[in-house]
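Residue-level listing of the chains:
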Amino acid sequence: MPGPAITRVSVMKIEIHHIPAQGLSLNAERPARHFAGLKELIDSSECVFVAPLSIQLEVRPERDFIRIKGRIDTTIRQACVRCLDKFERPLKTRFTLNYSKKIPQDVHQDDAEAVELTAAQIGMIFIKGEEIDLTDDLQEQVIMAIPYKPLCAEDCRGLCAHCGHDLNTGPCHCGEQRTEGPFAMLKNLNLPVKK
Ligand SMILES: [Zn+2]
Ligand SMILES: [Zn+2]
């Protein structure tokens, strides 16, 4: 069982030497706007966070690396891409992040980009120094979980392309007023009738 949360450890940053051998459980709530990338989404009204991020992390030291299993829950509001209606839905994400201080072999340690890349290839996030800064990685998990083309419902009927009526609330009547269906113009073409 992971040990109790150490209050000195911030949830976004974890000092490595504060992680006990048996691991660590951390729970925190953070407003989404504290994350620069999420604030951008909020400011562009792409996504509204109607609840703070509820963050749970299980930090476990392994032999050569630190494994962090996380879950983030919140509620977001987005506009449906079909009917433009704003709707709320819970957002959940579950993930595992592995952090390593070890520089991958055969990589020159001064080449920061190569070190990061090689670490990523083996599923590791390379950490420099004595603490893990989780801010960017947690934010990335949330961003990846946000639907790119949100639908209020799988079978959302969207808006009438002619009158803009929300077809989820029932059929529109613009077709009746236009009297002509898509084939009406054919009637006026005076096509020669084959004899
Ligand atoms: Zn919709
Ligand atoms: Zn219509």
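Residues numbered from 1 in each chain as written. Chains lettered and ligands numbered in written order. Predicted model: local features only at pLDDT ≥ 70, side-chain atom pairs only at ≥ 80, totals over all residues. Heavy atoms only, no water.

**Q** Could you give me a rundown of the coordination of the zinc ion (ligand 1), with the residues and numbers involved?
**A** Those donors, Cys80 (SG), Cys83 (SG), Cys152 (SG) and Cys156 (SG), are the protein atoms that reach the zinc ion (ligand 1), and they lie 2.3 Å from it. Here the zinc ion (ligand 1) is ringed by 4 donor atoms whose angles at the metal span 106 to 113°, and the overall shape comes out tetrahedral. In the primary structure, the donors to the zinc ion (ligand 1) are separated according to the pattern C-x2-C-x68-C-x3-C. Residue classification places cysteine 152 among the partly exposed residues on the basis of a relative accessible area of 32%. (Donors = N, O, S within 2.8 Å, 3.2 Å for Na, K, Ca; no water. Tetrahedral: all angles 85-135°; square planar, octahedral: opposite > 155°, others 65-115°. Buried < 20%, exposed > 50% of the residue type's maximum accessible area, 1.4 Å probe, protein only.)

**Q** Go over unusual backbone geometry, please, and point to the residues and values.
**A** Phi at serine 45 is positive, roughly 50°, even though this residue is not glycine. Its identity is not glycine, yet leucine 84 carries a phi of approximately 65°, on the positive side. Within the element layout of this structure, leucine 84 appears in the loop between strand E5 (66-79) and strand E6 (86-100). Relative accessible area serves as the criterion here: at 56%, leucine 84 is assigned to the exposed category. (Helix = DSSP H or I, 4+ residues; strand = E, 2+ residues; numbered from the N terminus.)

**Q** Can you lay out the coordination of the zinc ion (ligand 2) for me, pointing to particular residues and giving the numbers?
**A** Distances from the zinc ion (ligand 2) to its protein donors, Cys160 (SG), Cys163 (SG), Cys172 (SG) and Cys174 (SG), fall within 2.2 to 2.3 Å. Between the 4 donor atoms coordinating the zinc ion (ligand 2), the angles at the centre fall across 105 to 116°, so the site counts as tetrahedral. For cysteine 160, a relative accessible area of 10% gives the class buried.

**Q** Run through a negative patch on the surface, naming residues and quoting values.
**A** Residues Asp110, Asp111, Glu113 and Glu116 make up a contiguous surface patch of negative charge. Turning to its location among the elements, aspartate 110 is positioned in the loop between E6 and helix H2 (112-121). (Patch = residues over 30% accessible without salt bridge, like charges linked within 9 Å, V, L, I, M, F, W, Y side chains within 5 Å. Areas by Shrake-Rupley, 256 points an atom, 1.4 Å probe, with all protein chains shown as cover. Salt bridge = Lys/Arg side-chain N within 4 Å of Asp/Glu carboxyl O. Lys, Arg positive; Asp, Glu negative; His and termini not counted. Charge placed at Lys NZ, Arg CZ, Asp CG, Glu CD.)

**Q** I'd like a rundown of the pairing of strand E4 (residues 53-61), residues and numbers included.
**A** Where strand E2 (residues 24-30) lies against E4, 7 bridges are found, and the strand directions are antiparallel. Among the inter-strand pairings, serine 25 is bridged to a residue of E4, identified as glutamate 58. The pairing of E4 with E5 spans 8 bridges and is classified as antiparallel. Looking at E5, one finds that valine 59 is bridged to isoleucine 68. Here E4 hands over to E5 after 4 residues, the two strands then running antiparallel side by side. (Pairing = 2+ DSSP bridges.)

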